[in-house]
2 protein chains.
Amino acid sequence: MTVSTVAAAAGVSTATVSRVMNGSTTVAPDMVQRVRAAAAELGYRPNAAAQGLARGRTGTLSVLVPDLANPYFHDVLKGVTAAAGRSGYRMLVADSEEDPDDELGLSHELLRQTDGLILCSPRMPRHDLLTLADDSHAVVCANRLAADIDLPAVTIDAHAGMTSLCHHLARLGHRRVVYLSGPERSWSNQERRHALDRAAAFGLDAVAVACGATMADGHAAIDAALDHDPTAIVAFNDIVAFGALARLRERGVDVPAQVSIAGFDDIPFAAYAAPAITTVRNPKELLGRRSWLLLARALAGERGLEPEVLPPQLIVRDSTAAARDRGNL
Amino acid sequence: MTVSTVAAAAGVSTATVSRVMNGSTTVAPDMVQRVRAAAAELGYRPNAAAQGLARGRTGTLSVLVPDLANPYFHDVLKGVTAAAGRSGYRMLVADSEEDPDDELGLSHELLRQTDGLILCSPRMPRHDLLTLADDSHAVVCANRLAADIDLPAVTIDAHAGMTSLCHHLARLGHRRVVYLSGPERSWSNQERRHALDRAAAFGLDAVAVACGATMADGHAAIDAALDHDPTAIVAFNDIVAFGALARLRERGVDVPAQVSIAGFDDIPFAAYAAPAITTVRNPKELLGRRSWLLLARALAGERGLEPEVLPPQLIVRDSTAAARDRGNL
DNA sequence: ATGAAAGCGCTAACAC
DNA sequence: GTGTTAGCGCTTTCAT
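Because the structure is predicted, anything quoted here is derived from the model rather than measured.

Reading the values: rules and limits
Each chain has its residues counted from 1, following the order in which its sequence is written. Chain labels run from A onward and ligand labels from 1 onward, assigned in the order the entries are written. In keeping with the model being predicted, local features are shown solely for residues with a pLDDT of at least 70 and side-chain atom pairs are shown and tallied solely at 80 or more, while totals for entire chains, interfaces and linings include all residues. Note that water and hydrogens are dropped before the side-chain values are worked out from all heavy atoms of the structure. Every helix listed is a DSSP run of H or I at least four residues long, and every strand listed is a run of E at least two residues long, numbered separately from the N terminus. For every residue, the accessible area obtained with a 1.4 Å probe (protein chains only) is divided by the maximum for its type, and the residue is called buried under 20%, exposed over 50%, and partly exposed between those limits. The source of the domain bounds is an automatic or database domain assignment. We call two residues contacting when some pair of their heavy atoms lies within 4.5 Å. Summed over both partners, the accessible area lost on bringing two parts together, with a 1.4 Å probe, is the buried area. A pairing counts as a salt bridge when a side-chain nitrogen of Lys or Arg comes within 4 Å of a carboxyl oxygen of Asp or Glu. To define a nonpolar core, start from buried Ala, Val, Leu, Ile, Met, Phe, Trp, Tyr and Cys residues and group those joined through side-chain atoms within 4.5 Å. We call a residue near a given molecule or strand whenever any one of its heavy atoms falls within 4 Å of it. What qualifies as a polar contact is a pair of N or O atoms within 3.5 Å, subject to a donor-acceptor requirement within protein and to the restriction that residues adjacent in sequence count only when both atoms come from side chains. Amino acid classes used here: Ala, Val, Leu, Ile, Met, Phe, Trp, Tyr, Cys and Pro are nonpolar; Asp, Glu, Lys and Arg are charged; the rest, including Gly, are polar. Here the rule is simple: two strands pair whenever DSSP picks up at least two bridges between them. The crossover handedness rule: strands pointing away from the viewer, path from first strand over the helix to second strand clockwise, crossover right-handed. To define axes, lines are fitted to C-alpha atoms, for helices over the stretch in contact only, and angles between the resulting N-to-C directions are given on a 0 to 180 degree scale. Small angles under 35 degrees read as roughly parallel and large ones over 145 as roughly antiparallel, with 65 to 115 read as roughly perpendicular and the rest as oblique. For any helix crossing, the convention is left-handed if the near helix is rotated counterclockwise from the far helix by under a right angle, and right-handed if that rotation is clockwise. The arc refers to the directions leading from the helix axis to the C-beta atoms. Stacked, tilted and edge-to-face pairs are distinguished by plane angle, under 30 degrees for stacked and over 60 for edge-to-face with tilted covering the rest, among Phe, Tyr and Trp rings (Trp via its six-membered ring) whose centres lie within 6.5 Å.

## Re the environment of Thr25 of chain B
Residues and elements named next belong to chain B.
Then step 1. Here Thr25 lies in the loop between α2 (14-21) and α3 (29-42).
Then step 2. Relative accessible area serves as the criterion here: at 72%, Thr25 is assigned to the exposed category.
Then step 3. A sequence separation of 259 residues divides Thr25 from Lys284, and the C-alpha atoms of the two residues are 39 Å apart.

Printed below as a string of structure tokens:
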């Protein structure tokens, strides 16, 4: 079942079949009919590999995420597919499972099979990022800015987000806050942490506790966090906040009466948690769409694309309230 | 940068390069060295499309899920990649976004680009499934059994799962239970519902309320559910249970004191909910692994593969307790 | 407007 | 053990 089969059945050349299948306008209407009929009759479907080889492009892009289990990435992926789909591109998703050392290899593998790659929150060392940028012009970086590396990027203004959150907490009278720190190699985590440190200007006294990016991490980190007797806890992301909330409940700590807690990203679960989690909304779909736009431009040959920075938004819910007046937990 | 480039650089033929790249044993050690060196030097990476065309297979399989935002599918996907990866296969993920009418088209498109397809909880009409089975032998169906359609399948024993859950509820003294029904076209939903109906044998009197598969659906369905004044609510899945829990909280209904609630699947969030959700654990990763195994066999030419049925497991947590003695909500 | 034919980059007979 | 070569299925000049 190839072009030749269809061509024979329709009594035309393979070139004509190809033209019809690709919607070329320079084909006589009756030929179009004949070919269409023959193709439909035979149930013909073009072979993607052959098309890819002949055209020099696959029509597929790939996205590499560190953890597919994090709902955060779904919305990003949705944004990417939606935007890329409109340009006739399909999306291949890969998961590095939070293994920074595997990312470079995976990226090369993906680049081999697809036309371009979107790295979502990559954890790989700076050096690998540099290698990748040297190897290919079809890579864009989401959620990470790498100075002096020629990689189109789109990020969130973590500083602005954290600042508005800190403002919120400061107005509620909080002073001692613990930050549940995300993965070491996460750029977002570093940004959030630094932004929080700068919030000392509002009178917030922040201390970081090593944590991670999963619910289990959040759950496990609470005991250490409470040792600092904070009135508020800021989690690396909503997932962590979620796990933390569970542990606080176990320990009988009332949220937000005794301790306030806030997350980051605004994943769907955040709004349904008990209590609903105050968070900094990340324009995830937009991030996905912009990433594709950047990739499309890179694919079209544009170089030296400027990094884009997207604005987050504070979402106040029920997990934050006025700091308790005095006393320890 | 092609085989020829490398061949020229190494002073050998393209065939030898190909042999080395594919780990053929019938190559002299020094040639292997030369080729390896040249390839590394040039940073050569084989073109996947060309390989696919020449080999007649792409080395990629695809998985179609109805909703990538449902954490349930992550574990399934994890199982698939893990198993397929061991056989040198990569995985392409596609999301039909709960649009049953788009599934057939998407499936064909995926089949065109990859060697095989795993349909995860497909919602498409039976007729489309039949078409697909006729068109290809490289399709396996997870979470759906279609009688008289020659499609390798792996499912969960919903009946067993629902029965153990009903047992649990019956022993706690529940009689009036509401089932929050999932998507109309979901086979799992039908199975769960039927199994629940059969639980009348335990003295459970179940009534179904239309709901859906999202947190918002669960949230929205609670009001109608409470109209039936149930002592227990069984949700289509954990996501729905999660949304339902939020609404119950809003209405001031105490779970589990006034109403018990149970989910299905045991997604990670279930254990961290407030209260932790009693559920029926679905061996998701196993399901993924088995799906791949079936697909691999189909790809190898086996036909008439027997459907596999996996056992679920009741996980009792804090959202279910003894039925309230008397009185309405 | 249509067809013939030359590749796209790689693999796998087949010959040596 | 190594090289030659004929495709894999499609697109795309280039003629006509």
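Having seen it, we continue.
## Some thoughts on the domain arrangement of chain A
All names here are of chain A.
Then step 1. Segmenting chain A into domains produces domain 1 (3-55), domain 2 (60-156 + 284-313) and domain 3 (158-281).
Then step 2. The straight-line distance from the C-alpha centre of domain 2 to that of domain 3 is 27 Å.
Then step 3. Contacts between the two partners involve 18 residues from domain 2, matched on the other side by 19 residues from domain 3.
Then step 4. Of the roughly 1,500 Å² buried between domain 2 and domain 3, counting both surfaces, carbon and sulfur atoms make up 53%.
Then step 5. Viewed at the interface, domain 3 and domain 2 are joined by 1 salt bridge.

## Quick word on the nonpolar core
Then step 1. Core analysis: the largest hydrophobic core is formed by 111 residues, its most contacted members being Leu180 of chain A together with Leu180 of chain B.
Then step 2. With residues near it in sequence (within four places) discarded, Leu180 of chain B still touches Val209, Cys211, Ala221, Ile222, Ala225, Ile233, Val234, Ala235, Phe236, Val240 and Ala244 of chain B.

## Quick notes on the protein's contact with DNA strand C
Then step 1. Close to DNA strand C lie 25 residues; Thr16, Arg19 and Ala28 of chain A together with Val3 and Tyr44 of chain B are nearest.
Then step 2. The protein-proximal atoms of DNA strand C, defined as those within 4 Å of the protein, are 65% sugar or phosphate.
Then step 3. One of the backbone nitrogen or oxygen atoms of Ser13 of chain A is found 3.0 Å away from a phosphate oxygen of DNA strand C.
Then step 4. The separation between a base oxygen of DNA strand C and a polar side-chain atom of Arg19 of chain A is 2.5 Å.
Then step 5. By residue class, the composition of the surface near DNA strand C is 13 nonpolar, 9 polar and 3 charged.

## Here's the deal with the interface of chain B and chain A
Then step 1. Each partner contributes to the interface: chain B provides 43 residues, whereas chain A provides 43 residues.
Then step 2. Summed over both partners, the interface of chain B with chain A buries about 3,700 Å², with 66% contributed by carbon and sulfur atoms.
Then step 3. Looking at the side of chain B facing chain A, the largest losses of area belong to Arg112, Phe269 and Tyr272 of chain B, adding up to 21% of the total buried there.
Then step 4. Taken together, chain B and chain A are joined by 8 salt bridges.
Then step 5. Our count for the chain B to chain A interface comes out at 13 residue pairs in polar contact (both at pLDDT 80 or more).
Then step 6. At the level of secondary structure, the elements contributing two or more residues to the side of chain B that touches chain A comprise α4 (48-55), α5 (72-86), β2 (90-95), α6 (103-113), α10 (215-226), α11 (238-250) and α12 (268-272) of chain B.

## Some details on the pairing of strand β6 (residues 176-181) of chain A
All names here are of chain A.
Then step 1. Most of β6 is tucked away: 5 of the 6 residues are buried.
Then step 2. Of the pairings in the sheet, the one linking β6 to strand β7 (residues 205-210) comprises 6 bridges and is parallel in character. Bridge pairing in β7 links Arg176 to Asp205.
Then step 3. The parallel pair β6 and β7, bridged by helix α9 (residues 187-198), forms a crossover whose chirality is right-handed.
Then step 4. Taken together, the 4 bridges between β6 and strand β8 (residues 232-235) define a ladder with parallel strand orientation. Opposite Leu180, over in β8, you have Ala235 as the bridge partner.

## Notes on the packing of α10 of chain B against α11 of chain B
Residues and elements named next belong to chain B.
Then step 1. One way to put it is that α10 packs onto α11 with a least axis distance of 7 Å and a crossing angle of 55°. Judged by the angle between their axes, α10 and α11 are oblique. Remark: the crossing between α10 and α11 carries right-handed chirality. Touching Met215, Gly218, His219, Ile222, Asp223 and Leu226 of α10 are Ile239, Val240, Phe242, Gly243, Ala244, Ala246, Arg247, Leu248 and Glu250, all from α11.
Then step 2. Residue composition of the contact of α10 with α11, by class: 9 nonpolar, 3 polar and 3 charged.

## Let's talk about helix α1 (residues 3-10) of chain B
Each turn of an α-helix holds 3.6 residues, which means side chains three or four residues apart point in the same direction.
Residues and elements named next belong to chain B.
Then step 1. Those residues of α1 that sit buried are Val6, Ala7 and Ala10. Buried positions in α1, seen along its axis, are confined to an arc of 100° and lie on one side of it. Of the exposed residues in α1, the ones pointing more than 90 degrees away from its buried face are Ala8 and Ala9.
Then step 2. Buried residues belonging to α1 abut α2 and α3.
Then step 3. A positive backbone phi angle near 70° is found at Gly11, which sits one or two residues after α1.

## Describing the sheet that holds strand β5 (residues 153-156) of chain A
All names here are of chain A.
Then step 1. Within the open sheet, the 6 strands sit side by side as β2-β1-β3-β4-β5-β11. Their pairing is parallel. If you trace the sheet from one side to the other, it starts and ends with β2 (90-95) and β11 (308-310), each paired once. Averaged over all adjacent pairs, the angle separating strand axes in this sheet is 20°, with direction ignored.
Then step 2. In the sheet, strand β4 (residues 139-142) pairs with β5 via 2 bridges, with the strands oriented parallel. When the bridges of β5 are listed, Ala142 appears paired with Val154.
Then step 3. Across the sheet, helix α13 (residues 284-299) lies against β1 (60-65), β3 (116-120), β4, β5 and β11, angled at about 165° from β5, the strand it touches most.

## A few points about the packing of aromatic side chains
Residue and element names in this part refer to chain A.
Then step 1. On inspection of all chains with the given rule, the structure shows 10 aromatic pairs over all chains.
Then step 2. When the ring of Tyr89 is compared with that of Trp292, the centres are 5.0 Å apart and the planes differ by 50°; the resulting orientation is tilted. Taken as a pair, Tyr89 in the loop between α5 (72-86) and β2 and Trp292 in helix α13 lie far apart in primary sequence, 203 residues in all. Across the pair, exposure class does not vary: Tyr89 and Trp292 are buried alike.
Then step 3. Measuring from centroid to centroid gives 6.4 Å for Phe242 and Phe269, while their planes differ by 80°, and the two rings are edge-to-face. In this pair, Phe242 sits in helix α11 (residues 238-250) while Phe269 sits in helix α12 (residues 268-272), placing the two residues 27 residues apart along the sequence.
Then step 4. Of the residues examined, Phe242 reaches a relative accessible area of 4% and is grouped as buried.
Then step 5. Residue classification places Phe269 among the buried positions, given a relative accessible area of 2%.

## Digging into the packing of helix α6 (residues 103-113) of chain A against helix α7 (residues 126-135) of chain A
All names here are of chain A.
Then step 1. The interhelical angle for the contact between α6 and α7, taken along N-to-C directions, is 15°, at an axis separation of 10 Å. One way to sum up the angle between α6 and α7 is to call them roughly parallel. Where α6 crosses over α7, the handedness of that crossing is right-handed. Counting all contacts with α6, which are made through Leu104, Ser107, His108 and Leu111, the residues of α7 involved are Asp128, Leu132 and Asp135.
Then step 2. Partitioned by chemical class, the residues of the contact of α6 with α7 number 3 nonpolar, 2 polar and 2 charged.

## Some details on the environment of Leu151 of chain A
All names here are of chain A.
Then step 1. Among the secondary structure elements, Leu151 is positioned in the loop between β4 and β5.
Then step 2. Put simply, Leu151 and Arg303 are 152 residues apart on the chain and 9.2 Å apart in space, counted from C-alpha to C-alpha.
Then step 3. Dropping the residues within four chain positions of it, Leu151 is found in contact with Leu129, Ala133, Val139 and Cys141.

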